[in-house]
Amino acid sequence: MLRRRPLPALAAAAAFTLAGGLAASALLGLAVAQLEFDKIGLSFQQRASLRAAALRRGLDEAVEVLTVTNQLFATVQPVTRAQFHDFTAPLLARHRFIQAFNFHRLVSDAERAGFEAGMQRLRPGSVITEMKDGAIRRAPARSSYSVVDFLEPMAGNEAAFGLDVAGNAMLMATVGRAVERDGAAATGLLSLAQDARPDSAFEIVLPVYRAGAPLASSAQRRAALVGDSAVIVRAAALVEQILRAADLAADPGLVLAVYASERADPARLVYGSAAPPEARTALAGLRRVLALEAGERYAHTLRVAGQPWHVTLHGAPRALLADHLGSLSTLAGALLFTLLMTAFVHTYARRARRVELLVEERTRDLKRSNQRLIDDVSARRRTEQALQESEQRFRQLVALSSDWYWEQDRHYRFVDITGGIGAKGGVAAERYLGKTRWETVEGMAGSAWGEAHIAAVLAHQGFSNLEYATVSETGETRWFSINGEPVFDAAGAFRGYRGTGTDITARKLAEQRIHHVAQHDVLTGLPNRSLLQDRLGQALAHALRSAQPVWVMLVDLDRFKFVNDSMGHKAGDVLLVTVAARLRAALRESDTVARLSGDEFVVILSEHPEQRLAVDVVQRLMDAVAQPVLLGGKEFFVTCSVGVAVFPTDGAPAESLIEHADIAMYRAKKLGRNNFQFYTPAMNEEAQERVRIEGALRKALERNEFVLHYQPQVELASGRIVGMEALLRWQHPELGMVAPNRFIGVAEETGLIVPIGAWVMRSACAQNRAWQDAGLAPLKVAVNLSARQFGAPGLIDDVQAVLADTGLAASLLEIELTESLFMSDVGQAVELLHGLKALGVGLSIDDFGTGYSSLSYLSHFPIDVLKIDRSFVADIQRDANDAAIVASIIALAHNLKLAVIAEGVETAEQLAYLRRHGCDQMQGYYFSRPLPAAEFARLLERQACLADMPA
């Protein structure tokens, strides 16, 4: 009878299968996980580098904002509060991280009383204060003070106005550094008088020196120091705006921290992004146990305006499956396969054991040997099959990865490249096999970076992120990033290298595009302001070395606004692109043309010994621009006005060249456009005069400095006064009575003519109504309408509101328009004039005969009166042509049922000629000059009229 032996709980073959399968599964899962870690680390470094670069550009831009503001103090002497406000307002609107712009003025103790009196005129009760123990109090007497004099915006920063910062050691040390280096310097984090939060901001300062003082040495700069301009920056807001502007703020996979110090000091933390909370799950614990957390970390120190900024980034906790799906899938599949194989082997072993027990007595030796042989063969086959399947899975994973894998022998020659380098990198693997890397990469052996890499490889050191460019099989340039580690055998002998490679061409092209966009205009592709300053600096440096001049030309299109208004902004963009191409084509390769803003271009011309600069260069540029442009199926002729500043013959500092060219361009426009002017110091005086006029003009309305004079209009048939023309005068407390020709043009250009014109119309109507209420006879008052007013929306409603508010009858208001005012868009002008006519007001064309309008338009316009320009009336006794023109205008007007008024009548002969030809009315010095309201009222009270009225 057979003996039954106890069966083991698990067959040895099954146990070996289980142990081997678990070990192979673990190794395979760890290998794939390592590849995933490498990919995660590369992605983290790329994203971290982008944020560090964005912070560097943003911090430099904050310094540039102060540099631009400081130019106001270098170019305008003295700077007024209004100019400081107007200059900084757009910068505050554009850069929300700026708490305030201010100007610290150095004030001696002897100047304190006068300075405080000036502060109190601006803000009653203001005195020089200081911050002590977190509180604001009156500053005690000192030999000198550094006081916040100019402050924008004032709202929200009132506590800082008049603050003496001389006791602020950090700020004073920063000003000292700025003077020593003759450039911008930044403080560390500091507390603000207008902000209860401690260490919430930092300040960037630039010295302001006395005009004309020598500044070659630090001692001279300290002696010439009159104060400093500063910008107060909210540190956290600055970092947030930088990240938002670069579209880098929203990245839950990164935790960013920015410190205003050399290292990661928690006390100097400026900005920190919170990491998303990690879910407390079993998978999270498994990640920590298996060390599946990637330890990405990036640290970089920037130095802006002398102040260090430390940037750190580290990876936030991530979902396990999101990063390790491949390794976990591989591990799970291998484990499942191992368990199945173990179960199969165990079952098969138990069955074999039972068969062996049944025949053990008869065929024990033979059966046992055969069974073992069968088991060995089966196990070997199963193992081979498992290895083949494992290798197949590995190759599939390699094909799915964006990397390729390479191996080198101990002579650094490539022996194997897998992973599809041809498809992923555009280069055939055969190009590398049998060669070293420096033999396949052109220029690597002779470059500094290449020699450093070769030295590291010869020293058997690992390397990562080795970036280089190569030419693909199709002739295009491709960029690769390579990582490698040395390989040693069990005895420690060097066997070669193995590593991975990645195609980073897309990233490199994106970086190049970002760099190009940062320095070029998006529309025209020309250099922008940033690159223009760099090119100008290079040109001036060359001029100083070669003693040859540099021309800076500012080109402004004359009718660009008309194109935009009539054809739309798309047509305007086409015109700008066309002009940019023509300017480039008309210049040499070494010259620079840049787009400054809007329709303004800057051209930099450097003189060469073989090619001198001459005036015909400017004319050639103007001729190129003036060629017809086809827009929307229509030809447009757009001319330009050019201002030229020459270095160094102008005797001006280099940084003022563009400003001087702008002044010369403005002079060219004033002389009738479509010409060029070279800058002269007299133009600067004229520009300063215009700045003074513009500054005072902005406050003239609120200070009630405008007055109206009235010139009577006399009917020639009766000799009686039948109307008057309201004429604007400016009574300035310092400039005296300012002539209209000094300020009307400035008011037109700045747009101030609209509120001034509205005031003139309302005041003239109110005065006319007041004279009627006083018992004087009703008269018609004529008011001039400017081009800006005529084109402003709501004109008809505004006129109707003035008539309603003042109570003046519409028939007693006459609106005067120049004939060139509405010729650019006749259809719109006709509609607007009919709207005004519907109100009941009279309409007249002023200065008739001086424009370029067609006489046929008069039949379409609802005009009541033609006014003959004084230039024709003045010479009717001496110039037969002018006399004929006046007679023709009178005849034409009467044929069109229009009344005629002659301006500028000064002699009896002129009056007699006008009477003979049937002129209806006159105004001029022959009867009366323009009079103030009181004198004009007396003229009406005594019923003045023409003494001689022949039939």
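Preceding this paragraph is the structure being described.
Residues numbered from 1 in each chain as written. Predicted model: local features only at pLDDT ≥ 70, side-chain atom pairs only at ≥ 80, totals over all residues. Heavy atoms only, no water.

S.K.: Looking at this structure, how should I read the pattern of salt bridges?
M.R.: Any two side chains of opposite charge can pair if their charged atoms end up close together. Evaluation of the coordinates by the stated rule reveals 29 salt bridges. Residue E116 is joined to R112 by a salt bridge in which the shortest nitrogen-to-oxygen separation is 3.0 Å. With E116 and R112 both in helix 3 (residues 112–122), this residue pair falls four residues apart, about one helical turn. Among the residues examined, E116 registers a relative accessible area of 8% and is labelled buried. For R720, the salt bridge goes to E715, with nearest N and O atoms at 3.7 Å. (Salt bridge = Lys/Arg side-chain N within 4 Å of Asp/Glu carboxyl O. Helix = DSSP H or I, 4+ residues; strand = E, 2+ residues; numbered from the N terminus. Buried < 20%, exposed > 50% of the residue type's maximum accessible area, 1.4 Å probe, protein only.)

S.K.: It is not clear to me how helix 19 (residues 740–750) should be interpreted in this structure. Could you clarify?
M.R.: In an α-helix, one turn spans 3.6 residues; hence positions three or four apart end up facing the same way. All of the buried residues in helix 19 are F743, V746 and A747. Summarising the axial view, the buried residues of helix 19 lie within an arc of 105 degrees, below the 170-degree limit, and thus occupy one face. Looking one or two residues past helix 19, G751 carries a phi angle of roughly 85 degrees, positive in sign. (Arc of directions from axis to C-beta.)

S.K.: For this particular structure, what's the right way to read helix 6 (residues 235–245)?
M.R.: The set of residues buried in helix 6 consists of A235, L238, V239, Q241, I242 and L243. Just downstream of helix 6 lies D247, where phi reads positive at about 55 degrees.

S.K.: Explain the environment of A24 here, please?
M.R.: The topology assignment puts A24 in helix 1 (residues 12–75). Through-space distance from the C-alpha of A24 to that of L331 is 9.3 Å; in sequence the pair is 307 residues apart.

S.K.: Looking at this structure, I do not really get the packing of helix 15 (residues 569–585) against helix 16 (residues 615–625). What am I missing?
M.R.: For any two helices packed against each other, the geometry comes down to the angle between their axes and how far apart the axes lie. For the pair helix 15 and helix 16, interaxial distance at closest approach is 9 Å and the crossing angle is 145 degrees. Judged by the sense of rotation from one axis to the other, the crossing of helix 15 with helix 16 is right-handed. The residues of helix 16 that touch helix 15, namely those facing V579, R582 and L583, are L621, A624 and V625. Each residue belonging to the contact of helix 15 with helix 16 can be placed in one class, and the counts come to five nonpolar, no polar and one charged. (Axes fitted to C-alpha atoms, helices over the stretch in contact; angles between N-to-C directions. Left-handed = near helix turned anticlockwise from the far one by under 90°. Contact = heavy atoms within 4.5 Å. Nonpolar A, V, L, I, M, F, W, Y, C, P; charged D, E, K, R; others polar.)

S.K.: So what exactly am I meant to see when it comes to the sheet that holds strand 9 (residues 269–272) here?
M.R.: Within a sheet, adjacent strands bond to each other through the backbone by hydrogen bonds, running parallel or antiparallel. If you trace the four strands from one edge of the open sheet to the other, you get 9-8-11-10, paired in antiparallel fashion. The two strands at the open ends of the sheet, each matched to only one other strand, are strand 9 and strand 10 (297–304). Taking the axes of each pair of neighbouring strands and ignoring which way they run, one obtains an average angle of 15 degrees across the sheet. One ladder, built from eight bridges, connects strand 10 with strand 11 (residues 307–315); its direction is antiparallel. Residue pairing for strand 11: A299 is matched across the bridge by T312. (Pairing = 2+ DSSP bridges.)

S.K.: Sorry if this is basic, but what is going on with unusual backbone geometry here?
M.R.: In most cases, non-glycine residues show a negative phi, while peptide bonds are predominantly trans. Of the consecutive residues E152 and P153, the connecting peptide bond is found in the cis state with omega at 0 degrees. Tracing the backbone through its elements, the reader meets P153 in the loop between strand 4 (144–152) and helix 4 (169–181). Positioned with a positive phi, D182 is a non-glycine residue whose angle comes to about 55 degrees. With respect to the helices, strands and loops of the structure, D182 is situated in the loop between helix 4 and strand 5 (185–186). By relative accessible area, D182 is classed as partly exposed at 43%. Unlike most non-glycine residues, Q943 shows phi in positive territory, near 55 degrees.

S.K.: For this particular structure, what's the right way to read the nonpolar core?
M.R.: Residues L697, W730, V799, L813, I815, V841 and F936 are the most contacted members of the largest nonpolar core, which totals 81 residues. Counting residues per element, this core draws most heavily on helix 20 (residues 753–773), at seven residues. If near-sequence neighbours (up to four positions away) are discounted, L813 is found in contact with C765, K780, V781, V783, V799, L803, L808, V841 and G842. Counting 50 residues, the second-largest nonpolar core is a separate cluster that includes F103, F150, L243 and L256. (Core = buried A, V, L, I, M, F, W, Y, C linked by side-chain atoms within 4.5 Å.)

S.K.: Please clarify how a nonpolar patch on the surface should be interpreted in this entry.
M.R.: A cluster of nonpolar residues, F344, Y348 and I374, forms a patch on the protein surface that exposes about 280 Å² of accessible area. In this structure, I374 sits in helix 8 (residues 320–400). Of the residues examined, I374 reaches a relative accessible area of 41% and is grouped as partly exposed. (Patch = residues over 30% accessible without salt bridge, like charges linked within 9 Å, V, L, I, M, F, W, Y side chains within 5 Å. Areas by Shrake-Rupley, 256 points an atom, 1.4 Å probe, with all protein chains shown as cover.)

Everything listed is a geometric property; what it means functionally is a separate question.
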